[in-house]
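Understanding the architecture of this molecule
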Amino acid sequence: MQGMFTMKVAVVYHFWPHYRYSVLRELDRDPDVDFHFFADFQDYVDKGVKPLTTHDTPIYRLRCVRLMRNWMWQRGVIRLCRRGDYDAFILLGDPHYLATWIGLVILRARRKPAWLWTHGWTEEDAGTPRGLVRLAFYRLAYGLMLYGHYAKNYGIARGLRPDRLQVVHNSISHVLPVEPDASPSPDRDDVGETAPFRLIFVGRVTSRSRLDLALLAMKQLEISGCRCRLTIVGQGPAKPDLMRQSVLLGVDVSFVDETYDATELFTLFRDADCGVSPGGVGLFAILCLAHGVPLVTHGDWSGQRPEFESVVEGRTGLLFERDNVVDLARAIAEAVPLSRCPETEIQCRQQVGRLFSPDFQANAISFAVRAGRADDLWFAAGNERKWQST
């Protein structure tokens, strides 16, 4: 890194997931902020996420210890917050990490800004014990870096300051680079009315994925004359049941082992017309759109993850009524002409490039710590680093 830094910031996570590679790289390249990264090197909670094991940027180890169930202790966090010579801190916003509570109190006493990097709210929890604990945890922080606007609006409704709630969205790394304004892929041709509509799902295969609904919708569409083919990429406890269900229904489903390889994923998405995630969607939404593929998922915020905000109805995908097979079949049928529109691929990639890329995420994080405030409208307008010269 070149130039004189104006700030020094510590970023503390439980472990860095593999998909954080690019955003760490962008933060490390920041010409004005000297980011230092801290984390353990493995996933002790077993969330099924591959840890980031190699990176050009130094990652200082703070070991996590499981106490009971999902409650954790991260060694070194308190010492870092007490003695760390940093202008600001960004901490994992998970209240299960008990050392973070103490660290937030210490940083408040030291008058050091402490931001929590967190999903925020993904469901309504007002008045519940879990909700009260979460709100108390968030109130200890200077501000929150959130994955989506639904969470920000919910936080405002709970009394948190809007100018301390910065939406940074989410991003992934394992995508072959494509310019956001690139022309549609020559491989995505109209294959004719008789060819099956090619659906894809990539992720952990669990009961929460509700892929059983997708198979039922495919059967319904087949009866009405619309043939579909679904490729499920990933492992998980629900996979055997889905294999049996696909045979019983007689629908066209293929199962592929999980992969993080960018070339393999590119090939899989090149042969897909539309993504489908009936039980809610996370990073798979960004993965679809980054490859120029629209997505079908449900529109109930309380059962979604923040990344579903990338789905713009009729432009980058379609939404259906949660748990409604008939409406899911309707959305898939409407996705057929949408996927064959040349503009759809461009709009999908533009959506990721504008708001769900490592570059945007790093810029939004850097803005928040330097400005000491949130300003989502500035970034929505595409200004990025221009604020520095105003």
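The preceding data block contains the structure.
Now for a look at the structure at hand. All residue numbers refer to position in the chain's written sequence, counted from 1. Only residues with pLDDT of at least 70 get local features here, since the model is predicted, and only at 80 or more are side-chain atom pairs given and counted; chain-wide, interface and lining totals rely on the full set of residues. Remark: hydrogens and water are excluded; side-chain values derive from all non-hydrogen atoms of the structure.

1. Some details on the side chain of D34
For the purposes of this entry, the term helix denotes a DSSP run of H or I that reaches at least four residues, the term strand denotes a run of E that reaches at least two, and both are numbered from the N terminus. Along the chain, D34 falls in strand β2 (residues 33-40). Each residue's exposure class comes from its accessible area (1.4 Å probe, protein chains only) as a fraction of the maximum for that residue type: buried when under 20%, exposed when over 50%, partly exposed otherwise. None of His or the chain ends enter the tally, which takes Lys and Arg as positive and Asp and Glu as negative. A carboxyl oxygen of Asp or Glu within 4 Å of a side-chain nitrogen of Lys or Arg is what we treat as a salt bridge. One buried charge, D34, has no salt-bridge partner; the nearest side chain with opposite charge is K8, at 5.7 Å. In this structure the side chain of D34 is engaged in a polar contact, spanning 3.2 Å, whose partner is the side chain of H36. The term polar contact refers here to a pair of N or O atoms within 3.5 Å; inside protein, the definition further demands a hydrogen-donor-capable atom paired with an acceptor-capable atom, and it admits residues adjacent in sequence only when both atoms are side-chain atoms.

2. Considering the packing of helix α9 (residues 283-290) against helix α11 (residues 342-355)
All axes here are fitted lines through C-alpha atoms, helices being fitted over the stretch that makes contact, and every angle between N-to-C directions spans 0 to 180 degrees. Direction vectors running N to C along α9 and α11 enclose 125°, while the axes themselves pass 7 Å from each other. By the criterion of interaxial angle, the relationship of α9 to α11 is oblique. Touching I286, L289 and A290 of α9 are C348, R349, Q351 and V352, all from α11. Our angle categories are set so that under 35 degrees counts as roughly parallel, over 145 as roughly antiparallel, 65 to 115 as roughly perpendicular, and the remainder as oblique. Contacts are assigned to residue pairs that have any heavy atoms within 4.5 Å of one another.

3. Details of the pairing of strand β8 (residues 143-146)
Neither face of β8 is open: one carries G143 and M145, the other L144 and L146, and all of them are buried. Pairing between two strands is assigned when DSSP locates at least 2 bridges connecting them. Sheet analysis places strand β7 (residues 114-118) next to β8, joined by 4 bridges and oriented parallel. By the bridge assignment, T118 is partnered in β8 with L146. Handedness rule for crossovers: strands pointing away from the viewer, path from the first strand over the helix to the second running clockwise, crossover right-handed. In terms of handedness, the path from β7 via helix α4 (residues 129-139) over to β8 forms a crossover that is right-handed. The pairing of β8 with strand β9 (residues 165-167) spans 3 bridges and is parallel. Note that in β9 the partner of L146 across the bridge is V167.

4. Quick word on the packing of aromatic side chains
Note on ring pairs: Phe, Tyr and Trp rings are taken, using the six-membered ring of Trp, and paired if centres are within 6.5 Å. Classes follow the plane angle, with under 30 degrees stacked, over 60 edge-to-face and the rest tilted. Tallied over the entire structure, the rule returns 18 aromatic pairs. Seen from their ring centres, Y13 and W16 are 4.4 Å apart, and the 5° between their planes marks the pair as stacked. Judged by its relative accessible area of 4%, Y13 is buried. What makes W16 buried here is its relative accessible area of 1%. Aromatic pair F38 and Y86: ring centres 6.2 Å apart, planes at 85°, arrangement edge-to-face. Of the two residues, F38 sits in strand β2 while Y86 sits in the loop between α2 (77-83) and β6 (88-92), which places them 48 residues apart along the sequence. Residues F38 and Y86 agree in their burial class; the two are buried.

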